[in-house]
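Take a look at the letters that make up each chain.
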Amino acid sequence: MSGHAATAAAGGADATGALATGIRWGFGIGAVIGALAVLVALLIRTPPAPQQPAAAQAQDEEGTTTNKTAHTPT
């Protein structure tokens, strides 16, 4: 931010204009970094769910067992 403000001031802009230019560049670069962070977060894949053994899966379909790892809201 201060680098672009100094460049604008050296180019003949008044102090307020140079400060506004530096702030604008700072927010612009922050927006680009934020957008890249969202993009990377969307591209990260979660690992697949572990497979149940065939016997446990058959019992689940019959309704004789319950899923003890299920999260219940508190």
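Only a predicted model underlies this, so the values are computations on that prediction, with no experimental measurement involved. (Residues numbered from 1 in each chain as written. Predicted model: local features only at pLDDT ≥ 70, side-chain atom pairs only at ≥ 80, totals over all residues. Heavy atoms only, no water.)

Undergrad: For this particular structure, what's the right way to read the overall build of the protein chain?
TA: Scanning the protein chain from terminus to terminus reveals 3 helices and 0 strands. Ordered by position from N to C terminus, the α and β elements of the protein chain give α-α-α. Classification of the 74 residues of the protein chain by burial places 5% in the buried group. About 6400 Å² of surface is accessible on the protein chain, with carbon and sulfur atoms providing 66% of the total. (Helix = DSSP H or I, 4+ residues; strand = E, 2+ residues; numbered from the N terminus. Buried < 20%, exposed > 50% of the residue type's maximum accessible area, 1.4 Å probe, protein only. Areas by Shrake-Rupley, 256 points an atom, 1.4 Å probe, with all protein chains shown as cover.)

Undergrad: Teacher, can you tell me more about the confidence of the model for the protein chain here?
TA: Reading fine detail from the predicted coordinates is not recommended where pLDDT is low. Overall, the prediction assigns the protein chain a mean pLDDT of 78, with 66% of residues at 70 or greater. The lowest-confidence element of the protein chain is helix H3 (residues 54-62), averaging 62 in pLDDT; the highest-confidence one is helix H2 (residues 15-43), averaging 92. (pLDDT = per-residue confidence, 0-100.)

Undergrad: Looking at this structure, I do not really get the environment of Ala 18. What am I missing?
TA: Along the chain, Ala 18 turns up in helix H2. Sequence spacing of Ala 18 and Ala 8 is 10 residues, and the spatial spacing of their C-alpha atoms is 5.1 Å.

Undergrad: How should a nonpolar patch on the surface be read in this particular structure?
TA: Taken together, Val 32, Leu 36, Leu 39 and Leu 43 make up a surface patch of nonpolar side chains, about 400 Å² in accessible area. Residue placement: Val 32 occurs in helix H2. (Patch = residues over 30% accessible without salt bridge, like charges linked within 9 Å, V, L, I, M, F, W, Y side chains within 5 Å. Salt bridge = Lys/Arg side-chain N within 4 Å of Asp/Glu carboxyl O.)

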